2 protein chains.
Amino acid sequence: MQLILLPDSEVTRRIEKVRGAMASAGLDAVLIADNANLYYLTGRVFAGYAYIPAKGDPLYFVRRPVRMEGCGVIPVRKPEQIAESVGADTPSSLGLELDTIPYSLVGRLSAIFTDTKIGNASSVMRQARAVKTPEELKKIETSGIRQTHVYSMIPSLFHEGMTDIELQIEIEKASRLEGCLGQFRIAGNSMELYMANLLSGDNADNPTPYDFAMGGEGLDPSLPVGCNGSVIRRGETVMADINGNFTGYMTDMTRTFRVGEISSLAETAHRCSIEICRRLETEGKSGAKASDLYEIAVDMARQAGLHDYFMGHRQKAGFIGHGVGIEINELPVIAPRSRDILAENNVIALEPKFVIPKIGAVGIENTYVVTTTGLRKLTLAPEELENLI
Amino acid sequence: MQLILLPDSEVTRRIEKVRGAMASAGLDAVLIADNANLYYLTGRVFAGYAYIPAKGDPLYFVRRPVRMEGCGVIPVRKPEQIAESVGADTPSSLGLELDTIPYSLVGRLSAIFTDTKIGNASSVMRQARAVKTPEELKKIETSGIRQTHVYSMIPSLFHEGMTDIELQIEIEKASRLEGCLGQFRIAGNSMELYMANLLSGDNADNPTPYDFAMGGEGLDPSLPVGCNGSVIRRGETVMADINGNFTGYMTDMTRTFRVGEISSLAETAHRCSIEICRRLETEGKSGAKASDLYEIAVDMARQAGLHDYFMGHRQKAGFIGHGVGIEINELPVIAPRSRDILAENNVIALEPKFVIPKIGAVGIENTYVVTTTGLRKLTLAPEELENLI
């Protein structure tokens, strides 16, 4: 079986992007071990390592699955065998994924390369992956279409008297039948989530330890985020932020539903979220500063008198958007101290949300492609508050 | 809100176990950042760090959620603030979780403690967590009861003509409604799984990159394990290995179903799996060598003429069992070169399985508590091949 599942031209394109970032970081080679990055380089998750030198052909050291074939593919049982193949061409500087792989593994891998200076391949790969190729955009667009279809079913899955988790389970099933892979990839260890963050009523105001925009108590202190089993009541909102991974690449979309009449404060805040998105869709051209987009959003919330509720109430998130792709927390980061500049074919999710005490969370989230003229939306479900009853 | 959700006596018991392992490793203190270990120490996942000195009171540095209270709880925004609190009591040796937390974080944390020798807290915590407390055993037993109930529903969820993933989605829903948290915690980066590994027919013989006992092609090369969308056919088996996390602590159970008549080879192999479990249930006393249990299982499979199919066919797994608790890959490891000795109140899963080409996977997996007289079973679904049609 061929290891590499991407067309040759696509492999070349991605490796060129990685090499560009390697050059800026002054690295002669990178040795990649993280699943998300291996998937990026080959179109397949495998157990092993990809070695990308600045010059010369990449090597793929594969531990599992067995019997992988292709140019540069070398079966190994342990990383120490890498030394034999790289041999005399030892790089003078080598990037390892210092931000994601464990300390012990870095030690073991760097010991293979004596007299080699170790640098950080995490930032190299983040940089390369931030600008998507047309092939990647196609996968993200497909996820957006399928996720939109799942969201259109949500009102039909609700009945009065349901708990939040009962509704979430119905949505999970609809989403899985639509082809959702379930897996929710996040770089680093700071976040964990199972399939969806569905928040109804005051549970939205429960703080979470994780670095998500919204919180929720969760069903158990071992996974403290999202649904807490409360009955969905009239006068409350239901915010649905459901896994959009249908292709290995995700879209991230949030929509809010209304159970009967809700307060005008909540209605106003939801409208403000839509307006922030509209404004950022024109401001978010390639070349725009991510921190400026953040400030525009915060200002609009403040102008509307909604600052106390913006991005959380008892606990606030420190960003309004983030890059999306293979993982949910890619570059650029739309946050106050971000130094990121938007580039054409970045894919970002914007999620200007509000938590209104006693009512619930309101607002929307969309995934966009950055273009030279603004943001192109990939998550096309209707944005207005929809009635569940 | 109180940070610590465990009874005082339980906190003391767990910290004493950690201190025992620290003493063996020659560590004056450990600084813990990993979610699974924080949950072990406090009964809650939080963003931050637990500092356990060999002598004196533990400190809990909490970044999120906000407003946590309790003895030793100190709110921080960044790890550098830890220095102020530990101050003059700087340990001469400090354990960090070198096997699980990223290299960059280890660098940042070790920089706080100048003149301190850094050791490995991963092995300390693995050791401490391997022997379960009565409180932990209660949670694991509860998961076993609820998982057993879910398994009893599987035949009623099947209908002829279904694909593997359609059946899996029905089981996922039943399991979630029974209270399954979904989250599947695995130490390290080598494995990823969404909720279940359901294998029907020849898909069981597709190798996976992950270090699971069984494989499967998966629905997408970004998550290459488990169901591949094939129709479940007569003459094949369906092996169900479904997430058993109902309490923050998991049980691990596998059962196999038969679709109409299957070959006598497959029937014989299934029977052999049950016999291996019966034998190991009496051999698996505290004091037993994990590697001996492995050898007994391999010998029994060989004696039965089934060696070619044992623990996989095209690709084989290198173990027949593993510790279970908060994570799915705890100590002890039941593998040929394991040096682990079984101890009372270890919790282990044994999974002597076979892959029979063209028929599918057969065999069972159970989770057990190690006692002085053998293994006590916690996963009580019937073990014989059950008919789906």
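Numbers given for residues are sequential positions, taken from 1 along each chain in its written order. Just so you know, chain letters begin at A and ligand numbers begin at 1, following the order they were written in. Local features in this predicted model are restricted to residues whose pLDDT is 70 or higher, and side-chain atom pairs enter the listing and the counts only when it is 80 or higher, whereas totals over whole chains, interfaces and linings include all residues. Heavy atoms throughout the structure, all of them, feed into the side-chain values; hydrogens and water do not.

Time to look at the pattern of salt bridges. Here, a salt bridge means any side-chain nitrogen of Lys or Arg that lies within 4 Å of a carboxyl oxygen of Asp or Glu. In the structure shown here, the tally under the stated rule is 54 salt bridges over all chains. Measuring nitrogen to oxygen at the nearest pair gives 3.0 Å for the salt bridge that ties Lys173 of chain B to Glu170 of chain A. Highlighted residues: Lys173 of chain B in helix H7 (residues 164–177) and Glu170 of chain A in helix H7 (residues 164–177), drawn from two different chains. Within this structure, Arg129, Lys132, Glu327 and Glu330 of chain A form a network of salt bridges that share partners. Here a strand is any run of E in DSSP of at least two residues, a helix any run of H or I of at least four, and the numbering for each starts at the N terminus.

Once that is clear, we can look at the interface of chain A and chain B. Residue-level contacts link 58 residues of chain A with 58 residues of chain B. Summed over the shared surface of chain A and chain B, the number is ten salt bridges. Between N or O atoms, a polar contact is any pair within 3.5 Å; within protein, one atom must be a potential hydrogen donor and the other a potential acceptor, and residues adjacent in sequence are included only when both atoms are from side chains. Our count for the chain A to chain B interface comes out at 31 residue pairs in polar contact (both at pLDDT 80 or more). Those elements that place two or more of their residues in the side of chain A that touches chain B are helix H2 (35–42), strand S3 (59–64), helix H4 (103–112) and H7 of chain A. Take the side of chain A that touches chain B: its biggest share by element is nine residues, from H7 of chain A. Residues were grouped as follows: Ala, Val, Leu, Ile, Met, Phe, Trp, Tyr, Cys and Pro as nonpolar; Asp, Glu, Lys and Arg as charged; and all remaining residues, including Gly, as polar. Its residues placed into classes, the side of chain A that touches chain B shows 28 nonpolar, 14 polar and 16 charged. Contacts are assigned to residue pairs with any non-hydrogen atoms lying within 4.5 Å of each other.

A few words on the packing of helix H2 (residues 35–42) of chain B against helix H5 (residues 121–130) of chain B. All names here are of chain B. Every axis corresponds to a line fitted to the C-alpha atoms, with the helix fit spanning only the stretch in contact, and the corresponding angles, defined between N-to-C directions, vary from 0 to 180 degrees. In the contact formed by H2 and H5, the axes pass within 11 Å of each other and the chain directions differ by 50 degrees. Between H2 and H5, the angle is such that the two are oblique. As H2 runs across H5, the sense of the crossing is left-handed. Residues Ala36, Asn37, Tyr40 and Leu41 of H2 form the contact with H5, whose participating residues are Met125, Ala128 and Arg129. Per-class residue counts for the contact of H2 with H5 are five nonpolar, one polar and one charged. By the definition adopted for this analysis, an angle is roughly parallel if under 35 degrees, roughly antiparallel if over 145, roughly perpendicular if from 65 to 115, and oblique otherwise. By convention, the crossing between two helices is left-handed when the near helix turns anticlockwise from the far helix through less than a right angle, and right-handed when the turn is clockwise.

Let us look at the environment of Arg108 of chain A. Residues and elements named next belong to chain A. With respect to the helices and strands, Arg108 occurs in helix H4. Linking Arg108 and Gly56, residues 52 residues apart in sequence, is a C-alpha distance of 24 Å. Among all residues touching Arg108, those that are not within four sequence positions of it are Lys78, Pro79 and Glu80.

Residues and elements named next belong to chain A. At their nearest, the axes of helix H8 (residues 264–283) and helix H9 (residues 290–303) sit 10 Å apart, and the two run at 150 degrees to each other. Our classification of the angle between H8 and H9 gives roughly antiparallel. Crossing of H8 against H9: the hand is right-handed. Across the interface between the two elements, Cys272, Glu275, Ile276, Arg279, Leu280 and Glu283 from H8 touch Leu293, Ile296, Ala297, Met300 and Ala301 from H9. When its residues are assigned to classes, the contact of H8 with H9 shows eight nonpolar, no polar and three charged.

What follows deals with the confidence of the model for chain A. Averaged over all residues, the pLDDT of chain A equals 96, while 100% of them reach at least 70. The ipTM value of the predicted complex is 0.96, and its pTM value is 0.97. The pLDDT score gives, residue by residue, the confidence of the prediction method on a 0 to 100 scale.

Val18, Leu41 and Leu167 of chain A together with Val18, Leu41 and Leu167 of chain B are the most contacted members of the largest nonpolar core, which totals 146 residues. For Val18 of chain A, the residues in contact, after removing those within four places along its chain, are Val30, Tyr40, Leu41, Val124, Met125 and Ala128 of chain A. What we call a nonpolar core is a set of buried Ala, Val, Leu, Ile, Met, Phe, Trp, Tyr and Cys residues that are connected through their side-chain atoms within 4.5 Å. Think of it in three bands: with a 1.4 Å probe and only protein chains considered, a residue is buried below 20% of the maximum accessible area for its type, exposed above 50%, and partly exposed in between.

Residues and elements named next belong to chain B. What you see with strand S12 (residues 347–350) is no split at all: Val347 and Ala349 on one side and Ile348 and Leu350 on the other are buried throughout. Here a strand pair is declared whenever DSSP counts at least two bridges between the two strands. Relative to S12, strand S10 (residues 321–323) is paired through three bridges, and the arrangement is antiparallel. Across the sheet, residue Gly323 finds its bridge partner in S12, namely Ile348. Looking at chain direction, S12 and strand S15 (residues 366–370) are connected through four bridges and run antiparallel. The residue bridging Leu350 from the neighbouring strand is Asn366, located in S15.

Further remarks concern the sheet that holds strand S10 (residues 321–323) of chain A. Residues and elements named next belong to chain A. Read across the sheet, five strands follow the order S11-S10-S12-S15-S16 without closing on themselves; strand pairing throughout is antiparallel. Two strands bound the open sheet, and with one partner strand each, they are strand S11 (330–334) and strand S16 (375–377). With strand direction ignored, the average angle separating the axes of adjacent strands in the sheet is 30 degrees.

This part covers the sheet that holds S3 of chain A. Residues and elements named next belong to chain A. What the six strands build is an open sheet, ordered S4-S3-S2-S1-S5-S6; its pairing is mixed. Looking along the sheet, the strands with just one partner apiece sit at the ends: strand S4 (73–75) and strand S6 (117–120). Neighbouring strand axes in the sheet, compared pairwise and without regard to direction, differ in orientation by 25 degrees on average. Bridge count between strand S1 (residues 29–32) and strand S2 (residues 47–53): four bridges; the pairing is antiparallel. Counted as the bridge partner of Ala29 is Pro53 from S2. Against the sheet, H4 touches S1, S2, strand S5 (93–96) and S6, its axis set at about 155 degrees to S5. Packed on one face of the sheet, helix H5 (residues 121–130) meets S1, S5 and S6 and runs near 40 degrees to S6.

The criterion for an aromatic pair is that two Phe, Tyr or Trp rings (for Trp, the six-membered ring) have centres within 6.5 Å, with stacked assigned to planes under 30 degrees apart, edge-to-face to planes over 60 apart and tilted to the rest. Applying the stated criterion to the full structure yields twelve aromatic pairs over all chains. Ring centres of Tyr210 of chain A and Phe212 of chain A lie 6.1 Å apart, and the angle between their planes is 65 degrees; this geometry places the pair in the edge-to-face category. Here Tyr210 of chain A falls in the buried class, since its relative accessible area comes to 1%. Taking relative accessible area as the criterion, Phe212 of chain A reaches 11% and is therefore assigned buried. Centroid distance Phe184 of chain B to Phe212 of chain B: 6.4 Å. Interplanar angle 45 degrees. Geometry classified as tilted. Highlighted residues: Phe184 of chain B in the loop between H7 and strand S7 (196–200) and Phe212 of chain B in the loop between S7 and strand S8 (237–242), separated in sequence by 28 residues. Charge-over-ring contacts are defined here by two conditions on Lys NZ or Arg CZ: a distance within 6 Å of the ring centre and an angle within 35 degrees of the ring normal. The residue whose ring lies beneath Arg14 of chain A is Tyr40 of chain A, and the NZ or CZ to ring-centre distance is 5.1 Å.

What sets the superposition is a least-squares fit of C-alpha atoms, and only residues with pLDDT of at least 70 in both copies go into it. If you rotate chain A by 180 degrees and push it 0.0 Å along the axis, it lands on chain B with an RMSD of 0.0 Å. The superposition of one copy onto the other is thereby described by a two-fold rotation axis. A symmetric contact is evident, with 100% of the interface residues of chain A recurring at the interface of chain B.

Time to look at unusual backbone geometry. All names here are of chain A. Omega for the peptide link from Leu331 to Pro332 comes to -5 degrees, which places this bond in the cis form. Tracing the backbone shows Pro332 in strand S11. Positive phi, close to 70 degrees, is recorded for Met195, a residue that is not glycine. By secondary structure assignment, the location of Met195 is in the loop between H7 and strand S7 (196–200). Judged by its relative accessible area of 1%, Met195 falls in the buried class. Phi angles above zero are rare outside glycine, and Asn345 is one such case at about 70 degrees. You can see Asn345 is positioned in the loop between S11 and strand S12 (347–350). With relative accessibility at 24%, the residue Asn345 sits in the partly exposed group.

Now for the pairing of strand S13 (residues 353–356) of chain B. Residue and element names in this part refer to chain B. The alternating pattern of S13 places Lys353 and Val355 and Phe354 and Ile356 on opposite faces, both of which are buried. Sheet topology note: the S13/strand S14 (residues 360–363) ladder contains four bridges and is antiparallel. Paired with Ile356 across the strands is Gly360, a residue of S14. Here S13 hands over to S14 after three residues, with Lys358 in that stretch at a positive phi of 75 degrees.

Moving on: helix H6 (residues 134–157) of chain A. If you check H6 of chain A, its first and last C-alpha atoms are 35 Å apart, about what 24 residues at 1.5 Å a residue would give, namely 34 Å. Of the positions making up H6 of chain A, those classed as buried are Glu136, Leu137, Ile140, Ser143, Gly144, Gln147, Thr148, Val150, Tyr151, Ile154 and Leu157 of chain A. Every helix has an expected span of 1.5 Å times one less than the residues it contains.

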